[in-house]
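Spelled out, the chains give:
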Amino acid sequence: MKKTTLFFVFSFLTIFSLGTLAMVAYQPSLKKQLSENYLSLLDFSINSEDLEETETPESIPAPEEIFIVPDLKDYKARLRKDAYSNHLSAAQENGAGLIMDEVGLFQLVKDGALLEIDAGLGYEVEKLTHSHPYLTPEAKKVLGQIGKTYQALVGGDSFFTVTSGTRTIEQQKKLGRRNRNATKGNSSHSFGLSFDISYIRFDGEKSWDWKKQKQLEKVLSHFQKENKIYVIKERKQNCFHITVR
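Conventions used here
- The residue count restarts for each chain, going from 1 along the sequence in the order it is written.
- Since the coordinates come from a predicted model, pLDDT governs what is reported: local features require at least 70, and pairs of side-chain atoms require 80 or more to be given and counted, while whole-chain, interface and lining totals use all residues.
- The basis for every side-chain value is the complete set of non-hydrogen atoms in the structure, without hydrogens or water.
- Definition used for salt bridges: Asp or Glu carboxyl oxygen within 4 Å of a side-chain nitrogen of Lys or Arg.
- Strands are runs of DSSP state E lasting at least 2 residues, helices are runs of H or I lasting at least 4, and numbering of each runs from the N terminus.
- Note on classification: 1.4 Å probe, protein chains only; a residue is buried when its accessible area is under 20% of the maximum for its type, exposed when over 50%, partly exposed between these limits.
- Here, residues are in contact when the closest pair of their heavy atoms is within 4.5 Å.
- As a per-residue quantity, pLDDT reports the predictor's confidence and falls between 0 and 100.

Enquirer: Looking at this structure, how should I read the pattern of salt bridges?
Expert: For the structure shown, the criterion picks out 6 salt bridges. A salt bridge links Lys141 to Glu138; the shortest N-O distance between them is 3.2 Å. With a gap of 3 residues between them, Lys141 and Glu138 both fall in helix H5 (residues 137-154), about one helical turn apart. The exposure class assigned to Glu138 is partly exposed, which follows from its relative accessible area of 37%. A single salt-bridge network, built from bridges that share partners, covers Lys214, Glu217 and Lys233.

So this is what it looks like as structure tokens:
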């Protein structure tokens, strides 16, 4: 009788254990509950405070355009005179819009559509009386590239002088009354894409340096050939009128 009872109890426990294992295998929620109970028995718990915070990597900003200064020592192309209509068309199409007065100009400066130009490698900006030392970001970038190229060609700390920048329509009208050679109507200077470079001022001094003038022409002809600028050599004003394309 005792053996029969013990056998019955042993058989029942065996069947119950197998049934429990089967339930755990086919019921994930029960398996999870048992797992959690097991972890609690081990006095082990996972809290959000125990987990290390995973930092989200910051987005890597796009690298700035790298300008490789060209070697122009053996460059032979000659500077050509571009039609003023090309200057005006490029200014109207790619500039900051027609700048009527100083109110509009300084609003564009505030908005970042025009940037101040002061001095950089290979160039300086003289004190301007009939224009403002501001250009569009693209025009300022190209001016900087021209300056670097000129300094690399001439050597040392050589630099040229920018004698005119952005001119409002208001300034253009006043200039027209004083200077008969000033452009009548809208000027490419009034869009933020044009500037003038003197060919008689180098290294901070006024001088008729034919060699440096030719070196500057070589640099400008390269940028002209690369379709970056339009150029007119203004002999009465002793400057190169440049519009960024």
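Enquirer: Help me understand the side chain of Gln215 in this model?
Expert: Position of Gln215 among the secondary structure elements: in helix H7 (residues 210-225). The exposure class of Gln215 is buried, given its relative accessible area of 16%. Every residue in contact with Gln215, bar those within four places of it in the chain, is listed here: Tyr150, Leu153 and Val154.

Enquirer: Explain the confidence of the model for the protein chain here, please?
Expert: Low-pLDDT portions of the prediction should not be read for the details of their coordinates. For the protein chain, per-residue confidence averages 82 on the pLDDT scale, and 70% of positions sit at 70 or higher. Long-range and interchain partners of residues 28-32, a stretch whose pLDDT sits below 50, account for 3 contacts in this model, where long-range means more than four residues apart. Residue range residues 37-54 is modelled with pLDDT below 50. Its contacts to residues more than four positions away, or to other chains, number 3 contacts.

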